[in-house]
Amino acid sequence: MIDYVKYRNPITALLAIVLLAGVYSYGKMKSDLFPDVTFPKVKIIAENGQQPVDKMMLTVTRPLEEAVKRAPGIQDVRSTTSRGSAEISAFFDWSTDIDLGLQRVESLINQITLDLPPGVRLTIEKMNPSILPIAGYSLEGPLSQIELKDVALYTVKPFLSQVPGVSEVSVSGGKTKEYHLILRPQRMSELGITPQLVDSVLRQANFVTSNGYLQDYDRLYLTLTDAVINDLYDLKQTVIFASAMRTVWVEDIADVVITSQKEYVKIKANGLDVPLVAVTKQVNANLIQVADSLETKVAALNDLLPRGVVLRPYYRQADFVRDSVRGIEDVLWIGLGLAILVAIIFLRSLRSSAVLLITIPLTLSLTIAVLYLLGYDFNIMTLGAIAAAIGLVIDDAIIIVEQLHRSHEEEPDKPASELVSKTIDYLFPAMVGSSLSTIVIFIPFVLMTGIAGAYFRILTETMIITLVCSFTITWIGLPVVYLLLNARRTGKAGAHAETVAEKHWVRTVIGYPAFSIVAVVSLGVVIYLVAPRLPSGFLPELDEGSIVLDYNSPPGTSLEATDLMLRQVDRILDSIPTVVSYSRRTGTQMGFFITEPNRGDYLIQLSKDRKLSTDEVSNQIRQRVEAILPALTVDFGQVITDMLGDLMTSVQPIEIKIFGSEQRVLDELSRRVAGVVESVRGTADVFDGIQIAGPLVTVDPDIALLEQYGLSAADFQFQLQTQLEGTLEGGIPELNQMTPIRMIYPNSSRTTVSDLRGATLFTPRGRLLPLERFGTVTVEAGTAEINRENLKSMGVVSARLTGRDLGSTLADIRAGIAREVALPPGYTIEYGGEYAQQKQAFSELLQILVLAALLVFTVILFLFKRFGVALLIVLLAVLGAAGSLAALYLTGTSLNVGSYVGIIMVIGIIGENSIFTYFQYAENRLTEGRDEAIAYAISTRMRPKLMTAIGAIMALLPLALALGTGAQMHQPLAIAVIGGLVVALPLLLLVLPSLLRLIEK
C-alpha cells in the first residue's frame, strides 16, 4: 500500500496540479444545453412545382421511398406528400454512422434521378440539433420592406457571418425588389405582338458574352458583346420590333414599374412586417462563446446601420442554456455546502470537516479535467450527472474521514501519521468493493438505445468518470490532505480513549427477526401496489420559457386572410404581460419542413420573472385563441422539446397511426379516433392529421383546336402563367444583386375564377381570342396530404398533454378506441410518439435494473465469498426501490427515464453501504461471537451511515426542489434517490442486522 508519510510532498504537488488542471479545463470546456448527439435521421425534401398530390405520390414520393428503403441500416421510412412537394424521413439504427448513411441515401437517389420528372428539386440533409437557430433578430426601422430586406441581406448577413462558429445566417420576410413589365394586351394586339415575342426578345437582348481574344501591339485583349439591360431606362428602351415603318419599344406595349415580388410567405415580429435574421451555429461550436461573440457583433452592427434601423433580438437560446448551466452549478455547490454542514454537525470537528471541504473540490477538478480530455462538454446531462453523483462522492469521503476521526478518538495516543496508513489499509478492500458496487450499476446503460439512451448514456458515463475520480482522490489524496491538516496532531500519552458504545437497541432488533420479515414483505407490497399507480412519462420536462405555437387556418385560406386572423392572435400576445417578444411565420416554419400557405408558427419568448410556468401561459393563450378563432387549429410546444421531436419521429407525445389501403377510409377513421382522443381528459391540441391542400383550378386545353391556331400546349400554359404569376425574363445588375424582371398582366394578383374564364389568349399573329374557346376551366376541392410509413398509407392522429401523465392518458385513449372505433378488415392501429419510445425505454431499463442488481451481487460475492450474504444485500438493495416509488408517488412525480435511473442508483448506494457494514461485522467476528459482532458493527457504522445518508440527501435536495432552471431535468432522479436513501437507513440499521443473524451461524 501507499506510504502516505513518505510520499506526502509528491502527492501534495500532484493534487495541486489536479486542482490547476480542473480550473484550466473548466475555462476551456464548451457549454451547450444537450450533449452533441448525432441523430440517425436523414430528411429529403422534393419539390416539383404545383403537381397534384396523387401524381406527386406516384412519380416522386414512391420512387424515392423505394430507393431510400434499400439503404443498409434503415429502420423506418416516413413520408408526407403534398401538392408539389414531398417530405421523406429516413430513420437509421442508432449504431449507424449517419454520415455514411447520408452518402448511401444520396447514392441511391442519384441512381433513380433519371426516373423522376424533369425539374424535380431535391434537398437532402442529415438532422441534428443545429438545424434550429441559436438566435433570432428582427430588423426594424423607418425604411421600406424592400430596403430593410436589402440591408438584412447585404449588410447584416455578411457582418454576422464573420462570427467564429456561425454556420449560417438566413434572412426571411421583407420584400424582394422586382422590375415588372405590366403588359397592355389591347395595344399589343393592335401591333400584332404576342407575349412569346416579348419573351424571346428579352431573353436574346439581355446578355453579356465573350467573342474571343484579339492581339494588338503585343497585348492580348478579351472582347465582349455587352447587351445587358443596366437600368429602368434601358429596359423601357429595349426594342421589341423594328421595321421600315416603325420601331416598337418595351414602353410602347407595357408599363415598366419597380415593385415587390409577390410573396406566399408572410413574416412578422412583434406585430410588425419586418425581415427576420436567424443565426445557426456550427455543429461543434461552443454555444455560449458564439452567442457572446454574436451579441458583441450585433452591438457594433447597430452603430453602422442606417439612421433609425436597429437589429432587435426576439429569441436567444444561449440565455436559457446559460441559465440552465448556471442553475445546475448553483445546485451543485448548494448541495455540497449542505452536505459538508452535515459532516461538521456529526463530527464536531472543523479540522476533519475541512478535509471534506478540500477533497470534494479536488474530486470535481479531476472529474472536469478527465471529461475535458475525453472530449465531453458542459451540458445539462454532464453537469446534472456530477450534481447527482455528489451524494455518492460525499459518501466515499465521509466514510474515510469518519473512520480516521474515530481512529483518533479510539487511539488518541498515536500520531496522525501512524493512524492514516493503518486506517486506509484496513478499509481498502471495502473501499474497492463499495466503489465497484456503485460503478457497475451504470455499465448496463450501454444497452440503452434511442434518444433516451443517447442522452442518459452520457449521464451515466459522466457518473462513472466522477465515481472513479472520487475513488482515486479518496484513496490517494484524502489521506494526504488529512495529514497536512493534522500535521501538529501528535499522540498524547495517557489521553482518554473514546470507544464506540454498543447500542442496546441493536440486540433487541436482532432478537425479533419477525419484524424485519414483515418490513421486507411490506416494502415488497409497496412496490407491487405503488408502481402501477404512478404517473408515467418519457423524458423529464424542462420549462424553457419559450413557446412554439403552430397554427393552421382552414384549407385554401389565402395568405392575406390568414394574416387577418393572426392579427387577432397578435393582439392577444400583446395583452399578456409575460410575453416579452414574438415572431410569426406564415407559409413557412422553423426547421426543415414542407409548409402550405395557410400554415405557420409563432416563436414566443416569455419573461424570466414570470410566476406562471410555460405550460400555464400556453394554456392561457390556447383558451383565448380558441374562444375567438375556432376555425384556427393551434398546437403548443416548446422550442427545444419540439426540436427533439423533429429529430425523432413525432413532435407530439401522443401519436396514433392508422394503417390501411384507402385514403378515404383512413381519413374517416382518423376523424373518429381524433374524436375519442379529444374526449379523454388531459389531451390538448388534438389533430386528426388530415391536411388539405387548397382548392384547385384546372384548365384543360383543347390540343387539336390550339394546333389549328398555331399554338402548342406549352404556348397555352406560358400565356396563362404570364397572366397569373408572371414569367421571369432575366434580371438587371444592381449593387450586390441581380434584380429580376417579371412580365405580367395588369391586376394579376386580383384575378378571380370568373376573371380567368373571361381571359383572352394571343394567337401567333397577335389576335386576342377568348380563353374558354381553347380550354375548360373547372374548380376542384382540395386534396388531403398523403402520409406513409414503410411504403404503407396511414392516417396520423396526434395530441399533446395538459395536466396529466402520458401513461394513464394513453391507457384511456386505447380503451376508448377499442370501445368506439371498429376497424375494417386490413386496417390496423399502432401507437407511436413518446408512448412508443417510453415502452422501449422502460423495457430496456428493466433489463438494466436486473443486470445492475446481478453485477452488484457479483461484486459482493467476489468480495466476501458468501452466497447468502450477497443475496441478502442485493435483496435489500432492490427493496430500496420502494422508497423511491413512494417518494415519486407522494410528490406526484412521473416515473420516467430520469426517475428510473434514480431507482437503479439506489441499488448501488444500498449495496455500497451494506458492504461496509458486513466488512465491519466480518472483522469483528474473528474475535467475537455472532450477536456481539453484529451489535458492534451496527453501532460502529451508525454514525457514518447517518452522515452519508443525510449528507447525500442534503446534496440532492436542491436538485429535488428544482432550484435551478436546468435542475428540472434531473428532479425526478433526485427525488427517487432521496426516497431510496430514506428507506435505506432502516433497511441498513434494522433489517440487515436482523436478517444477517438468521443466515449467520
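Owing to the predicted nature of the structure, the values given are computational and were not obtained by experimental measurement.

Draft legend 1. How the structure looks around the overall build of the protein. A tally of helices and strands in the protein yields 30 helices and 30 strands. Summarising its shape, the C-alpha atoms of the protein cover approximately 135 × 80 × 55 Å along the three principal directions. For the protein, buried positions account for 55% of its 1001 residues. Here the protein holds 84 positive side-chain charges and 100 negative ones, and the gap between their average locations is 5 Å.

Draft legend 2. Quick look at the pairing of strand β20 (residues 654-659). With six of six residues buried, β20 lies mostly within the body of the structure. Burial along β20 is two-sided: I654, I656 and I658 and E655, K657 and F659, pointing in opposite directions, are all buried. Sheet analysis places β20 next to strand β29 (residues 792-801), joined by six bridges and oriented antiparallel. By the bridge assignment for β29, I658 is matched with G795. Sheet analysis places β20 next to strand β30 (residues 828-832), joined by five bridges and oriented antiparallel. From the neighbouring strand, F659 faces β30, where its bridge partner is T828.

Draft legend 3. Quick peek at unusual backbone geometry. A positive phi angle is found at N790, which is not glycine, with a value near 50 degrees. Turning to its location among the elements, N790 is positioned in the loop between β28 (786-789) and β29.

Draft legend 4. Inspection of helix α16 (residues 513-530) at higher detail. The terminal C-alpha atoms of α16 lie 26 Å apart, and with 18 residues this matches the ideal 26 Å at 1.5 Å per residue to within 8%. Taken residue by residue, α16 has P513, S516, V520, L523 and V530 as its buried positions. For α16, the arc enclosing every buried residue in end-on projection is 130 degrees, short of the 170-degree limit, so these residues lie on one face. The outward face of α16, more than 90 degrees from its buried face, is lined by the exposed residues A514, F515, V518, V521 and Y528.

Draft legend 5. Spotlight on the sheet that holds strand β13 (residues 266-269). Spatially, five strands are ordered β13-β17-β18-β16-β19 in an open sheet, and the strand pairing comes out antiparallel. In this open sheet, the two strands that pair with only one neighbour each are β13 and β19 (633-637). The mean inter-strand angle of the sheet, taken between neighbouring strand axes irrespective of direction, is 15 degrees. In the sheet, strand β17 (residues 579-586) pairs with strand β18 (residues 599-606) via seven bridges, with the strands oriented antiparallel. Among the inter-strand pairings, R584 is bridged to a residue of β18, identified as Y602. Of the strands in this sheet, β16 (546-552), β18 and β19 are in contact with helix α18 (residues 614-628), which crosses β16 at around 25 degrees.

Draft legend 6. Summary view of the sheet that holds strand β23 (residues 727-734). Here four strands make up an open sheet; going across it, the order is β12-β7-β24-β23 and the pairing mixed. Both outer strands of the open sheet, β12 (254-260) and β23, are each paired with one neighbouring strand and no more. When the angles between neighbouring strand axes are averaged without regard to direction, this sheet yields 25 degrees. Pairing between strand β7 (residues 177-183) and β12: seven bridges, direction antiparallel. In the strand pairing of β12, E178 is matched with T259. Along the sheet, helix α6 (residues 195-205) makes contact with β7, β23 and β24 (737-744), crossing β23 at roughly 30 degrees.

Draft legend 7. Structural view of helix α30 (residues 971-999). Of all the bends found along α30, the most pronounced is centred on L987 and spans about 40 degrees. Taken across its 29 residues, α30 has 22 buried, putting it largely inside the fold.

Draft legend 8. Fine view of the pattern of salt bridges. For the structure shown, the criterion picks out 35 salt bridges. Across the pair R584 and D563 runs a salt bridge, and its minimum N-O distance is 2.5 Å. Here D563 lies in helix α17 (residues 559-574) and R584 lies in strand β17, a separation of 21 residues in the sequence. Owing to a relative accessible area of 3%, D563 belongs among the buried residues under this scheme. In this structure, R804 engages D812 in a salt bridge whose closest nitrogen and oxygen atoms are separated by 2.5 Å. A residue is classified by how much of its surface remains accessible, and R804, at 16% relative accessible area, is buried. One network of salt bridges, in which partners are shared, links K266, K268, D273, D563, R567, D570 and R584.

Draft legend 9. A look at the confidence of the model for the protein. Mean pLDDT over the protein: 87, with 98% of residues reaching 70 or higher. Scored below 50 in pLDDT, residues 493-497 shows seven contacts in the model against residues more than four places distant or in partner chains.

Draft legend 10. Focus on the side chain of Q737. Secondary-structure assignment places Q737 in strand β24. You can call Q737 buried: its relative accessible area is 18%. Only 3.3 Å separates the side chain of Q737 from the side chain of Y154, close enough to count as a polar contact. Among all residues touching Q737, those that are not within four sequence positions of it are D150, Y154 and I732.

Draft legend 11. Representation of a nonpolar patch on the surface in the model. Among the surface-exposed residues, I517, V521, V525, Y528, L529, L998 and I999 lie close enough to one another that they form a single nonpolar patch of about 660 Å² accessible area. Listed by contribution, the elements that provide at least two residues to the nonpolar patch are α16 and α30. Mapping Y528 onto the fold places it in helix α16.

Draft legend 12. Fine view of the environment of M127. With respect to the element layout, M127 can be found in the loop between β4 (121-126) and β5 (135-140). When its relative accessible area of 2% is taken as the criterion, M127 is described as buried.

Draft legend 13. Layout of the packing of aromatic side chains. This model, assessed by the stated rule, comprises 18 aromatic pairs. When the centroid spacing of 6.3 Å and the interplanar angle of 75 degrees are considered together, the rings of Y831 and Y835 count as edge-to-face. The class of Y831 is buried, set by a relative accessible area of 16%. Using a relative accessible area of 13% as the deciding quantity, one classes Y835 as buried. Among the aromatic residues, those joined into a ring-pair cluster are F39, W94 and Y455. Its guanidinium or amino end placed over the ring of F159, K297 lies 4.8 Å from that ring's centre, counting from NZ or CZ. One Lys or Arg, K792, reaches over the ring of F659 and ends 4.8 Å from the middle of that ring.

Draft legend 14. Up close: the side chain of T363. Tracing the backbone through its elements, the reader meets T363 in helix α11 (residues 350-373). Residue T363 is classed as buried on the basis of its relative accessible area, which comes to 1%. Filtering out sequence-adjacent residues up to four positions away, T363 remains in contact with V393, T466, C469, S470 and I473.

Draft legend 15. A look at the packing of α16 against helix α27 (residues 881-891). Contact geometry of α16 with α27 gives a least axis separation of 9 Å together with a crossing angle of 45 degrees. Considering their axes alone, α16 and α27 lie oblique with respect to each other. For the pair α16 and α27, the sense of crossing is left-handed. Residue-level inspection shows L523, V526, I527 and V530 of α16 in contact with α27, the latter providing A881, A882, L885, A886 and Y889. Of the residues in the contact of α16 with α27, the class split is nine nonpolar, no polar and no charged.

Draft legend 16. Representation of the environment of A631. With respect to the secondary-structure elements, A631 resides in the loop between α18 and β19. Looking at A631, the relative accessible area reads 44%, which means it is partly exposed. Sequence spacing of A631 and T893 is 262 residues, and the spatial spacing of their C-alpha atoms is 36 Å. Contact partners of A631, with chain neighbours within four places excluded, come to N552, P554 and M565.

What counts and how
Residues numbered from 1 in each chain as written. Predicted model: local features only at pLDDT ≥ 70, side-chain atom pairs only at ≥ 80, totals over all residues. Heavy atoms only, no water. Helix = DSSP H or I, 4+ residues; strand = E, 2+ residues; numbered from the N terminus. Buried < 20%, exposed > 50% of the residue type's maximum accessible area, 1.4 Å probe, protein only. Lys, Arg positive; Asp, Glu negative; His and termini not counted. Charge placed at Lys NZ, Arg CZ, Asp CG, Glu CD. Pairing = 2+ DSSP bridges. Expected span 1.5 Å × (residues − 1). Arc of directions from axis to C-beta. Axes fitted to C-alpha atoms, helices over the stretch in contact; angles between N-to-C directions. Contact = heavy atoms within 4.5 Å. Bend = angle between axes of the 7 residues up to and from the residue. Salt bridge = Lys/Arg side-chain N within 4 Å of Asp/Glu carboxyl O. pLDDT = per-residue confidence, 0-100. Polar contact = N/O pair within 3.5 Å; in protein donor to acceptor, adjacent residues only side chain to side chain. Patch = residues over 30% accessible without salt bridge, like charges linked within 9 Å, V, L, I, M, F, W, Y side chains within 5 Å. Areas by Shrake-Rupley, 256 points an atom, 1.4 Å probe, with all protein chains shown as cover. Phe/Tyr/Trp six-rings, centres within 6.5 Å; stacked < 30°, edge-to-face > 60°. Lys NZ or Arg CZ within 6 Å of the ring centre and 35° of its normal. Parallel < 35°, antiparallel > 145°, perpendicular 65-115°, else oblique. Left-handed = near helix turned anticlockwise from the far one by under 90°. Nonpolar A, V, L, I, M, F, W, Y, C, P; charged D, E, K, R; others polar.

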